[in-house]
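Per-entry structural report
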There are 2 protein chains.
Amino acid sequence: MMRTRPLKVALLGCGVVGSEVARIMTTHADDLAARIGAPVELVGVAVRRPSKVREGIDPALITTDATALVQRGDIDVVVEVIGGIEPARTLITTAFENGASVVSANKALLAEDGAALHAAAEKYGRDLYYEAAVAGAIPLVRPLRESLAGDKVNRVLGIVNGTTNFILDKMDTSGAGYSEALDEATALGYAEADPTADVEGFDAAAKAAILAGIAFHTRVKIGDVHREGITEVTAADIASARRMGCTVKLLAICERAADGRSVTARVHPAMIPLSHPLASVREAYNAVFVEAEAAGQLMFYGPGAGGSPTASAVLGDLVAVCRNKLGEATGPGESAYTRLPVSPMGDVVTRYHISLDVADKPGVLAQVATVFAEQGVSIDTVRQQGRPDGDGEASLVVVTHRAPDAALSGTVEALRKLDTVRGVASIMRVEGE
Amino acid sequence: MMRTRPLKVALLGCGVVGSEVARIMTTHADDLAARIGAPVELVGVAVRRPSKVREGIDPALITTDATALVQRGDIDVVVEVIGGIEPARTLITTAFENGASVVSANKALLAEDGAALHAAAEKYGRDLYYEAAVAGAIPLVRPLRESLAGDKVNRVLGIVNGTTNFILDKMDTSGAGYSEALDEATALGYAEADPTADVEGFDAAAKAAILAGIAFHTRVKIGDVHREGITEVTAADIASARRMGCTVKLLAICERAADGRSVTARVHPAMIPLSHPLASVREAYNAVFVEAEAAGQLMFYGPGAGGSPTASAVLGDLVAVCRNKLGEATGPGESAYTRLPVSPMGDVVTRYHISLDVADKPGVLAQVATVFAEQGVSIDTVRQQGRPDGDGEASLVVVTHRAPDAALSGTVEALRKLDTVRGVASIMRVEGE
């Protein structure tokens, strides 16, 4: 049975994602109406540059006054795709106060202040949906908060940033250095003019915070996420990974501690075996593994960014929120009842690959091994090789067994003090084994 | 805010899945209560053999009278994991009449009579959820009917039966024949004593019907699905696939026709390139590709069967249905508004790999090529090879371009009439390119 009064939708932002949302709302209006049970009508689009020509959007809908739009009082759903903390946060809260539910793609805001937004949504009895905030079109938020709602998630591990995956993939396949690969990513539109948010891991850290919060039913903010970007990954690291049968990926890893009393969330480059399914995630694609007690290992794969894929996620949420509106219900809100604390990086237990430049003389390996033993870090394999130029230096590549990050840091500090260790060329974690 | 009156759950069936559902409901009761907003209480378990010892289940809950259990009138949710058409169908309908929503893992029933069940659920204002009916723990039903509700799905292609994937994987890795691989699957518990439902493709066809219906918002029954099993796949087929850089998988494929006016659904063995992500799905795992207009290509991977994974899916649905009950709402029901007809197999357009035994003499290739041309099937490659034993026969392996299945059938019929064609050794479709 179709209701004839349409649901009113306001769009905040009309860039790559917003314009695609508006386009699909128009071209697929009949399908959306059939799936929701009522037509949806775009009643306003808030933009910064009203003079820009926006094909397919009625110019009468365009406004620069986003605040007035969300304050109208007759809006059913506000779609927020402007990004950033402010004015997005105030606009979303104002939308809740004025009767609207919200669909957002704003990972930075949700990772910074998700708890307050959820509280506002609950106070006013509205929905806050944000599938598009994590990994574009790949369904992750809904599977984690609904499909796995009866299970216990222990680990989320994935590639959640397309720009950095593109760069690392180029480095791996072509042998290029970081700068060269970044240039190619920029030229092809995979990296922004200022790539900081991607290459320094801020974007992935925001997604890790959101995923960890949902997966473990607790609150994790972006500041709780240990973050290392890919700017220091070298061609030598990639070559070294290859020699180990591995490749290098920027991973977001959220884990429940073995004793179940805390969680960790981190983003850093890591070596993973070529046989691991994440190793074959190429170019700008994203993929996320979820390990749950009953379900076992699940993987979700797809395009993690881009206007159309992100719009697909926004529209899926829009349909759900509109259905809830019609049924005078709300979907699942924040679930943070476990209140599990987030442990620091030092508590994370994993394996390490360490390259040292050492003096090429007898006894060095014994000295190095002693330092590892003293710090309680057990060595798995060591590869020692002299330099062909005979400059009196050699390389020592150590791969450890699992050890706490704090112990590894202590080991590296002690190694740097050895006379025979000329430098620590690289340290990289080894995951996915 | 926690409601103290518990939601009452009745469990129909207590086999591999049911016992795991009961176990998790007990061991994770606090988590489920927190996530639902009210405790859930198992108030009855209908079984066939009441004398069997069932660890962790209060014997007072056991009953053989499933009908009386669903007629109690105070049940909030009925979990149906008995499978098969009857008595499951009558019990589910009775549950709706008596106030309960239903979570089911029953693929056979949903693929046979899903429309009637959905109609009954809607009539009484109840939920019918069935994530567990397709691919175990892998979230597919919810992503298709909710996450992609704002998108247009054009294709679903996947491995949805673990038993047959295990058998084909064994044949591929060990060179074993079908019978030998089936014996190993049976010995390891991957195949049932009577493997018909799996190896003849009935199980996969039921899942294909369910997926096609949801993906295309239309009604597809198991009888609409073209079905071929794996019993005729030979070691020679697998070897031939290898020579083409392919492997053989039993695929479920649901497609929207190019003109958008009909859909097809089919299950059959097919060659796929080794570079395709489905080629690396090993043992009893499942994986499904979904291609949507805006989202692009998504893949979902995980354990497709087993007590725990299936229970995970059941419990995710249980949490959702309980939340709906508390909110006096219902989730999305059947969406079949497109009423797209299901076209017959003859309309499916794909590529083919055909092995012919032919007379080893000049002119045979010309004759064969003429038949293909007359039927409008364009040849991509031909490989011709004499037999080492010089018995006057040769093999001809033809790979075609895309052509309608009906044209291919016509071609094969005509080929069989040629004097120089001694036999059609195998015909296999080529997918995923």
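Named according to an unreviewed UniProt entry, chain A is Homoserine dehydrogenase originating from Streptomyces microflavus. As its UniProt record puts it under Function (unreviewed entry), chain A is described as follows: "Catalyzes the conversion of L-aspartate-beta-semialdehyde (L-Asa) to L-homoserine (L-Hse), the third step in the biosynthesis of threonine and methionine from aspartate." Within the UniProt record for chain A, the comment given under Cofactor (unreviewed entry) is "a metal cation".

A separate point is the overall build of chain A. On a plain count of helices and strands, chain A comes out with 14 helices and 17 strands. Against the globule reference of 22 Å for 433 residues, chain A gives a C-alpha radius of gyration of 24 Å, in line with a compact fold. Counting over 433 residues, chain A shows a buried share of 57%. Partitioning the contacts of chain A with sequence separation of at least 6, the portion at a separation of at least 24 is 73%. Accessible surface, chain A as shown: approximately 16,900 Å² in total, 49% of it carbon and sulfur. Taken as two groups, the 42 positive and 54 negative side-chain charges of chain A have centres that lie 3 Å from each other.

All names here are of chain A. It is the contact of helix α2 (residues 29–36) with helix α12 (residues 307–326), at a shortest axis distance of 9 Å, that shows an interaxial angle of 45 degrees. The orientation of α2 with respect to α12, classified from their angle, is oblique. Taken as a pair, α2 and α12 cross one another with a handedness that is right-handed. Judged by residue contacts, Leu32, Arg35 and Ile36 of α2 engage Leu315, Val319, Cys322, Arg323 and Leu326 from α12.

Residues and elements named next belong to chain A. Between the first and last C-alpha of helix α5 (residues 107–124) there are merely 22 Å, a value that for 18 residues lags more than 12% behind the 26 Å anticipated at 1.5 Å per step. Of all the bends found along α5, the most pronounced is centred on aspartate 113 and spans about 90 degrees. Buried within α5 we find Leu109, Leu110, Ala111, Asp113, Gly114, Leu117, His118, Ala120 and Ala121. Backbone geometry just after α5 places glycine 125 at a positive phi near 70 degrees.

Residue and element names in this part refer to chain B. Ordered in space as β3-β2-β1-β4-β5-β6, the 6 strands form an open sheet in which the pairing is parallel. Of all the strands in the sheet, the pair left with one neighbour each is β3 (62–63) and β6 (128–129). With 6 bridges connecting them, strand β1 (residues 7–12) and strand β2 (residues 40–46) associate as parallel partners. Opposite lysine 8, over in β2, you have glutamate 41 as the bridge partner.

Bringing the relation of the copies chain B and chain A into the picture now. Overlay of chain B on chain A (RMSD 0.0 Å): rotation 180 degrees, translation along the axis 0.0 Å. The superposition of one copy onto the other is thereby described by a two-fold rotation axis. Taking C-alpha positions as reference, the residue of chain B nearest the rotation axis is phenylalanine 300 of chain B, located at 2.4 Å. Residue by residue, 100% of the interface of chain B is reproduced at the interface of chain A, so both copies engage with the same surface.

This next bit is on empty space enclosed by the protein. All names here are of chain A. Tallying each qualifying case throughout the model produces 4 cavities of 30 Å³ or more. Reported here for the largest cavity is a volume of approximately 40 Å³. Here the element with the most residues in the lining of the largest cavity is helix α6 (residues 141–147); it accounts for 4 residues. Of the residues in the lining of the largest cavity, the class split is 3 nonpolar, no polar and 5 charged. Here the lining of the largest cavity spans two domains, and each of domain 1 (7–136 + 308–326) and domain 2 (141–303) adds at least three residues to it.

With that settled, the discussion passes to the environment of threonine 218 of chain B. Residues and elements named next belong to chain B. With respect to the helices and strands, the residue threonine 218 is situated in the loop between α10 (202–216) and β8 (226–227). The exposure class assigned to threonine 218 is buried, which follows from its relative accessible area of 5%. Sequence-wise, threonine 218 and tyrosine 337 are 119 residues apart; in three dimensions their C-alpha atoms are separated by 6.2 Å. For threonine 218, the contacting residues outside a window of four places in its chain are Gly213, Val263, Ser335, Ala336, Thr338, Arg339 and Leu340. Polar contacts involving the side chain of threonine 218 include one to the main-chain amide nitrogen of leucine 340, which spans 2.9 Å.

All names here are of chain A. By secondary structure assignment, the location of serine 262 is in the loop between β9 (246–256) and β10 (263–273). For serine 262, a relative accessible area of 11% puts it in the buried group. At 2.9 Å, the side chain of serine 262 and the side chain of serine 343 are in polar contact. When near neighbours in sequence (up to four residues on either side) are disregarded, serine 262 contacts Glu255, Arg256, Ala257, Leu340, Pro341 and Ser343.

Residue and element names in this part refer to chain B. Axis separation between helix α5 (residues 107–124) and α10 bottoms out at 8 Å; the angle between their running directions is 50 degrees. By the criterion of interaxial angle, the relationship of α5 to α10 is oblique. Where α5 crosses over α10, the two elements pack in a sense that is left-handed. Touching Lys107, Ala108, Leu110 and Ala111 of α5 are Asp203, Ala206, Lys207, Ala209 and Ile210, all from α10. In the contact of α5 with α10, the residues fall into 6 nonpolar, no polar and 3 charged.

All names here are of chain A. Those places that UniProt annotates as "binding site: NADPH" (unreviewed entry) correspond, in this numbering, to Lys107. Along the chain, lysine 107 turns up in helix α5. With sequence-adjacent residues up to four places away left out, lysine 107 is seen in contact with Ala133, Asp203, Ala206, Lys207 and Ile210.

Residues and elements named next belong to chain A. The residues that UniProt annotates with the feature "active site" (unreviewed entry) are Lys207. Relative to the elements of secondary structure, lysine 207 occurs in helix α10 (residues 202–216). Its relative accessible area of 5% is what places lysine 207 among the buried residues. In this structure, lysine 207 is in contact with Lys107, Ala133, Val134, Ala135, Val160 and Asn161, ignoring residues within four places of it in sequence.

Right, let's get into the packing of aromatic side chains. Residues and elements named next belong to chain A. In the structure shown here, the tally under the stated rule is 5 aromatic pairs over all chains. Here phenylalanine 166 and tyrosine 190 contribute two aromatic rings whose centre-to-centre distance is 4.3 Å and whose plane-to-plane angle is 25 degrees, an arrangement assigned as stacked. Residue phenylalanine 166 is located in helix α7 (residues 162–174), and its partner tyrosine 190 is located in the loop between α8 (178–187) and α9 (196–199); the two are separated by 24 residues in the primary sequence. Residues tyrosine 285 and tyrosine 301 carry aromatic rings whose centres are separated by 5.2 Å and whose planes lie at 0 degrees to one another, so their mutual orientation is stacked. One end of the pair, tyrosine 285, is in strand β11 (residues 285–292); the other, tyrosine 301, is in strand β12 (residues 296–303), and 16 residues separate them in sequence. Against the face of tyrosine 129 rests arginine 145, its NZ or CZ located 5.0 Å from the ring centre. The side chain of arginine 227 reaches across the aromatic face of phenylalanine 202, ending 3.8 Å from its centre.

Turning to the nonpolar core, a few remarks are in order. Nonpolar side chains in soluble globular proteins tend to end up buried together. Among the nonpolar cores identified, the biggest contains 162 residues, and Val78, Val153 and Ile167 of chain A together with Val78, Val153 and Ile167 of chain B are the most heavily contacted of them. Sequence-distant contacts of isoleucine 167 of chain A, that is, excluding residues within four places in its chain, are made with Tyr178, Ala181, Leu182, Ala185, Val199 and Ile230 of chain A. Residues Val17, Ile36, Val103 and Leu315 of chain B belong to the second largest nonpolar core, which totals 37 residues.

Further remarks concern the interface of chain B and chain A. Contact with chain B, which involves 45 residues of that partner, is made by 45 residues of chain A. Between chain B and chain A, the buried area comes to about 3,700 Å², and carbon and sulfur atoms account for 55% of it. Across the contact surface, chain B and chain A share 2 salt bridges. Residues arginine 142 of chain B and glutamate 146 of chain A are paired through a salt bridge, measuring 3.6 Å at the closest nitrogen-oxygen approach. Where chain B packs against chain A, one counts 20 residue pairs in polar contact (both at pLDDT 80 or more). For the side of chain B that touches chain A, the elements supplying multiple residues, two or more each, are α2 (29–36), α6 (141–147), β12 (296–303) and α12 (307–326) of chain B. Here β12 of chain A pairs with β12 of chain B via 3 bridges, running antiparallel. Directly across from methionine 299 of chain A, in β12 of chain B, lies its bridge partner tyrosine 301 of chain B.

Procedures and definitions
Residues numbered from 1 in each chain as written. Chains lettered and ligands numbered in written order. Predicted model: local features only at pLDDT ≥ 70, side-chain atom pairs only at ≥ 80, totals over all residues. Heavy atoms only, no water. UniProt positions renumbered as here; feature names shortened; annotations may be inferred. Helix = DSSP H or I, 4+ residues; strand = E, 2+ residues; numbered from the N terminus. Rg over C-alpha atoms; globule rule 2.2 N^0.38 Å. Buried < 20%, exposed > 50% of the residue type's maximum accessible area, 1.4 Å probe, protein only. Contact = heavy atoms within 4.5 Å. Areas by Shrake-Rupley, 256 points an atom, 1.4 Å probe, with all protein chains shown as cover. Lys, Arg positive; Asp, Glu negative; His and termini not counted. Charge placed at Lys NZ, Arg CZ, Asp CG, Glu CD. Axes fitted to C-alpha atoms, helices over the stretch in contact; angles between N-to-C directions. Parallel < 35°, antiparallel > 145°, perpendicular 65-115°, else oblique. Left-handed = near helix turned anticlockwise from the far one by under 90°. Expected span 1.5 Å × (residues − 1). Bend = angle between axes of the 7 residues up to and from the residue. Pairing = 2+ DSSP bridges. Least-squares fit on C-alpha atoms with pLDDT ≥ 70 in both. 1 Å grid on protein atoms, 1.4 Å probe; cavity = no way out; pocket = protein on both sides within 12 Å on 5 of 7 lines; lining within 4 Å. Points joined across faces, edges and corners; volume = space filled by probe spheres on them. Nonpolar A, V, L, I, M, F, W, Y, C, P; charged D, E, K, R; others polar. Domains from an automatic or database assignment. Polar contact = N/O pair within 3.5 Å; in protein donor to acceptor, adjacent residues only side chain to side chain. Phe/Tyr/Trp six-rings, centres within 6.5 Å; stacked < 30°, edge-to-face > 60°. Lys NZ or Arg CZ within 6 Å of the ring centre and 35° of its normal. Core = buried A, V, L, I, M, F, W, Y, C linked by side-chain atoms within 4.5 Å. Buried area = accessible area lost by both parts, 1.4 Å probe. Salt bridge = Lys/Arg side-chain N within 4 Å of Asp/Glu carboxyl O.

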